[in-house]
Amino acid sequence: MKRGSVAVVGAAETTEMGKIPSLSTIGLHADAALNAMADAGLSPSDIDGVATAGISPTDLAHYLGITPTYADGTAVGGCSFMLHVRHAAAAINEGLCTTVLITHGESGRSGVGVGRRGANATSLSSQFEAPYGPMGPPTLFTLPWTRYAHEYGASTVDLANVAVTQRAWAAHNPRAKFRDPITVDDVLNAKMIADPFTMLLCCLVTDGGGALILTSADRAKDFPQKPAYILGTGESVETPMVSQMADFTSSSAFTVSGAKAFAEAEIAHGDVDHLMIYDAFAHLPIFGLEDLGFVGKGEAPAFIADGHTAMGGSLPMNTNGGGLSYMHSGMYGMYALQESVRQIRGIAPAQVDGVEIAVSHGVGGMFGASGTIIFGASA
Amino acid sequence: MTADNAKATTSRRMPMPTPETQHFWDGTLEGELRLQRCDDCAHTYFPPRPFCPKCASRSVQIAVASGRATLHACVINHRPGPGFDEPHSIAVVELEEGPRMMSNIVDCEQTHDALPLDMPLEVTFEQLSDTIALPLFKPATSTEVAS
């Protein structure tokens, strides 16, 4: 995309977060969408582009009364919303539409209005992974970490440092699910899920949603909120089977997506003031810091242990508390984007001083897909 | 057949072969781990597909693996699931021929101490039904390696 040509002019999460038994999946999408439209001072008739994952863009448009000229149903897991932002920016630049609404809603905890998930028994993962007894992401997404730890001499304490650091950020966020401080020992002694991953190294399961509204940079300055300009974008996919990752210590989807976004944005890593890395599990920020190029291979555990990603550090990361402590409805990428926009606007609960450039990096599936968005306070 | 699985109160999720994977499941019934090799670029690959994922050639043939592998990655799943009541390994093994595949490591303690990465392994097969035998791996024994 053209650097700085499109901006986020509306951004909001669902009115409540955590446990929301009063709303179904599509209700959460709509609640977030209505909040984002109010944030931008828009109504459904002003929206001519829709994008979503989890439900179809047809569901979304009809429910909200939108007649779009652009619809994107890209669904590659939790980072789908990063890809929606990227595609929307291209679509706006190409003149396919002027104002795109991107929504997420998921009744991850309460399961209201959630359709039955039908696994395709003939898929390659059903044939060649499922028979071995994996119980969802905690038993699959975690596998690469064991290779990483073996190659680089890392330990479970390195994972625990991620969880402890992010809990400290969550303490500043009134909407965070978990806010009480934790220690490395608390993490190591928590209930074992998939050894070496304890419960506190795995993300939450909550209800919630979020929505973004994008338009051209030319129009953005006329909106009530400070625009968050899109400076760079990236995306890639690798494999639907974690067992088939080419390199268990590095995600190809991360490196391809990240490099593309940084090249588009024409920035160096030292220019980044704030960073979000989708943390479905505690090793994700470690892989992300390295695969995005902020540190060298094997260096992220020490970088985190030294406090660089904590409050007052050189690279504040996952400042909402992350999927480990803030919330995780299932597709967390939307919440990473929301926090990046808040930090650019200067209104985050744990606001970092003077954020000019914010990077939001997402994962989909089990290292299967990735999307990276770089925001700027100016175009 | 492992003691752990004999105790399980539920059954494993069963794979459902497709035309493109049938040769693999036919092989496991006969005690063979069947990979595929490209006639044009000699790339050996898994999972099955009727063309080479490296050069896209449709000229490929079955290549029976030695069954020797090393442990590439492993977690111990503590959540009961289909076919498993007790903590058990979920592993990725690297075959001698190069490809990696998911499996369980059986015939040893299901702990990280008993399952160090890079340990040598060899394939074994568990008959799940009349039509499906599942490849599993166990610690290599020097006498059994040369098959």
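Residues numbered from 1 in each chain as written. Chains lettered and ligands numbered in written order. Predicted model: local features only at pLDDT ≥ 70, side-chain atom pairs only at ≥ 80, totals over all residues. Heavy atoms only, no water.

K.L.:
Go over the side chain of His274(A), please, and point to the residues and values.
P.N.:
Residue and element names in this part refer to chain A. Here histidine 274 is to be found in strand β9 (residues 274-277). Among the polar contacts made by the side chain of histidine 274, one reaches the side chain of threonine 319 at a distance of 2.7 Å. Excluding anything up to four places from it in sequence, histidine 274 contacts Pro316, Thr319, Glu339, Ser340, Gln343, Val352, Val355, Ile357, Ala358 and Val359. (Helix = DSSP H or I, 4+ residues; strand = E, 2+ residues; numbered from the N terminus. Polar contact = N/O pair within 3.5 Å; in protein donor to acceptor, adjacent residues only side chain to side chain. Contact = heavy atoms within 4.5 Å.)

K.L.:
Summarise the interface of chain A and chain B; cite the residues concerned and give the values.
P.N.:
Each side of the interface is counted separately: chain A has 33 residues, and chain B has 40 residues. A buried area of about 3100 Å², summed over both sides, lies between chain A and chain B, and 62% of it is on carbon and sulfur atoms. Counting the surface chain A buries against chain B, the share from its top three residues, Phe128(A), Tyr132(A) and Met135(A), is 25%. A salt bridge links Asp118(B) to Arg147(A), with the nearest nitrogen and oxygen atoms 2.9 Å apart. Among the elements of the structure, α4 (124-128), α5 (143-152) and β5 (192-195) of chain A are those that each provide at least two residues to the side of chain A that touches chain B. In terms of residue class, the side of chain A that touches chain B is built from 20 nonpolar, ten polar and three charged. By the bridge criterion, two bridges tie β5(A) to strand β4 (residues 68-77) of chain B in an arrangement that is antiparallel. Directly across from Ala194(A), in β4(B), lies its bridge partner Asn77(B). (Buried area = accessible area lost by both parts, 1.4 Å probe. Salt bridge = Lys/Arg side-chain N within 4 Å of Asp/Glu carboxyl O. Nonpolar A, V, L, I, M, F, W, Y, C, P; charged D, E, K, R; others polar. Pairing = 2+ DSSP bridges.)

K.L.:
How would you sum up the nonpolar core? Please name residues and give values.
P.N.:
One broad rule of soluble globular proteins: the nonpolar side chains tend to lie buried together. Leu212(A), Leu289(A), Phe375(A) and Phe137(B) are the most contacted members of the largest nonpolar core, which totals 154 residues. Counting residues per element, this core draws most heavily on helix α3 (residues 80-94) of chain A, at eight residues. (Core = buried A, V, L, I, M, F, W, Y, C linked by side-chain atoms within 4.5 Å. Buried < 20%, exposed > 50% of the residue type's maximum accessible area, 1.4 Å probe, protein only.)

K.L.:
Give a description of the packing of aromatic side chains that names residues and reports values.
P.N.:
All names here are of chain A. By the definition in use, this model includes 16 aromatic pairs over all chains. Measuring from centroid to centroid gives 5.8 Å for phenylalanine 262 and phenylalanine 294, while their planes differ by 75°, and the two rings are edge-to-face. Pair noted here: phenylalanine 262 is in helix α9 (residues 252-265) and phenylalanine 294 is in the loop between α10 (284-291) and α11 (300-305), with a separation of 32 residues, a long-range link. The exposure classification of phenylalanine 262 matches that of phenylalanine 294, with both residues buried. The rings of Phe141, Trp145, Tyr148, Tyr152, Phe197, Phe254, Phe281, Phe287 and Phe367 are connected pair by pair, giving a single aromatic cluster. The ring of phenylalanine 287 is capped by lysine 297, whose NZ or CZ atom sits 5.8 Å from the centre of that ring. (Phe/Tyr/Trp six-rings, centres within 6.5 Å; stacked < 30°, edge-to-face > 60°. Lys NZ or Arg CZ within 6 Å of the ring centre and 35° of its normal.)

K.L.:
So what about the packing of helix α1 (residues 25-40) of chain A against helix α2 (residues 57-64) of chain A? Which residues, and what values?
P.N.:
Residue and element names in this part refer to chain A. The geometry of α1 relative to α2 is characterised by a closest axis approach of 11 Å and an angle of 60° between their N-to-C directions. If you check the angle between α1 and α2, you find them oblique. You can see that α1 and α2 cross each other, and the crossing is right-handed. Contact residues: Ile26, Gly27, His29, Ala30, Ala33, Leu34 and Met37 in α1; Asp59, Leu60, Tyr63 and Leu64 in α2. For the contact of α1 with α2, the class distribution of residues is eight nonpolar, two polar and one charged. (Axes fitted to C-alpha atoms, helices over the stretch in contact; angles between N-to-C directions. Parallel < 35°, antiparallel > 145°, perpendicular 65-115°, else oblique. Left-handed = near helix turned anticlockwise from the far one by under 90°.)

K.L.:
Quick one: what's the story with the side chain of Thr21(B), residue by residue and with numbers?
P.N.:
With respect to the secondary-structure elements, Thr21(B) resides in the loop between α1 (3-7) and α2 (22-29). A relative accessible area of 2% places Thr21(B) in the buried class. At 2.8 Å, the side chain of Thr21(B) and the side chain of Gln127(A) are in polar contact. With residues up to four places along the chain from it excluded, the contact list for Thr21(B) reads Leu124(A), Gln127(A), Phe128(A) and Pro48(B).

K.L.:
With reference to specific residues and values, describe the environment of Ser123(A).
P.N.:
Of note, Ser123(A) is situated in the loop between β4 (99-107) and α4. Overall, Ser123(A) belongs to the partly exposed group, its relative accessible area being 22%.

K.L.:
I'd love a proper account of the sheet that holds strand β10 (residues 357-364) of chain A, names of residues and values included.
P.N.:
All names here are of chain A. The strand order β3-β2-β4-β7-β1-β8-β11-β10-β9 describes an open sheet built from nine strands, whose pairing is mixed. Pairing within the sheet leaves two strands with one partner each, and these edge strands are β3 (70-72) and β9. Within the sheet, the average angular offset between the axes of one strand and its neighbour, ignoring direction, is 20°. Across nine bridges, the pairing between β4 and strand β7 (residues 207-216) is antiparallel.

K.L.:
Can you explain the pattern of salt bridges? Please cite residues and give values.
P.N.:
Scanning the entire structure with this criterion turns up 15 salt bridges over all chains. Put simply, Glu13(A), Arg175(A), Glu339(A) and Arg342(A) are held in one network by salt bridges that share partners.

K.L.:
Before we move on, could you go through helix α6 (residues 156-170) of chain A and cite the residues and values that matter?
P.N.:
In an α-helix there are 3.6 residues to a turn, and that puts residues three or four apart on one side. Residue and element names in this part refer to chain A. Along its 15 residues, α6 runs 21 Å from first to last C-alpha, staying within 8% of the 21 Å computed at 1.5 Å per residue. Of all 15 residues in α6, eleven are buried; the element is thus mostly enclosed. Every buried residue of α6 is accounted for by Asp158, Leu159, Ala160, Asn161, Val162, Ala163, Thr165, Gln166, Arg167, Trp169 and Ala170. Capping the start of α6 is the job of one residue whose side-chain oxygen sits 3.2 Å from the backbone nitrogen of valine 157: serine 155. (Expected span 1.5 Å × (residues − 1).)

K.L.:
Outline helix α13 (residues 333-345) of chain A, listing residues and values.
P.N.:
Residues and elements named next belong to chain A. Counted at 1.5 Å a residue, the expected span for α13 with its 13 residues is 18 Å, and the 19 Å between its end C-alpha atoms agrees. For α13, the tally of buried residues reaches 13 of 13 residues, placing the bulk of the element in the interior. One or two residues past the end of α13 sits glycine 346, with phi positive at roughly 85°.

K.L.:
Residue-level account of the state of the cysteines, with values.
P.N.:
Residues and elements named next belong to chain A. Under the definition given, this model contains zero disulfides over all chains. Cysteine 202 takes part in no disulfide bond, and the closest cysteine sulfur to it belongs to cysteine 203, at a distance of 7.1 Å. Owing to a relative accessible area of 11%, cysteine 202 belongs among the buried residues under this scheme. (Disulfide = S-S within 2.5 Å.)

K.L.:
Please give an account of the sheet that holds strand β3 (residues 60-64) of chain B that cites residues and values.
P.N.:
Residues and elements named next belong to chain B. Overall, antiparallel pairing links the three strands, which are arranged β2-β1-β3 in an open sheet. The open sheet has two free edges, formed respectively by β2 (44-45) and β3, since each of these has just one partner strand. Pairing of strand β1 (residues 34-38) with β3 involves five bridges; the strand directions are antiparallel. Looking across to β3, one finds that glutamine 36 is bridged to isoleucine 62. Most of the contacts of α2 go to β1, to which it runs at about 135°, and overall it touches β1 and β3.

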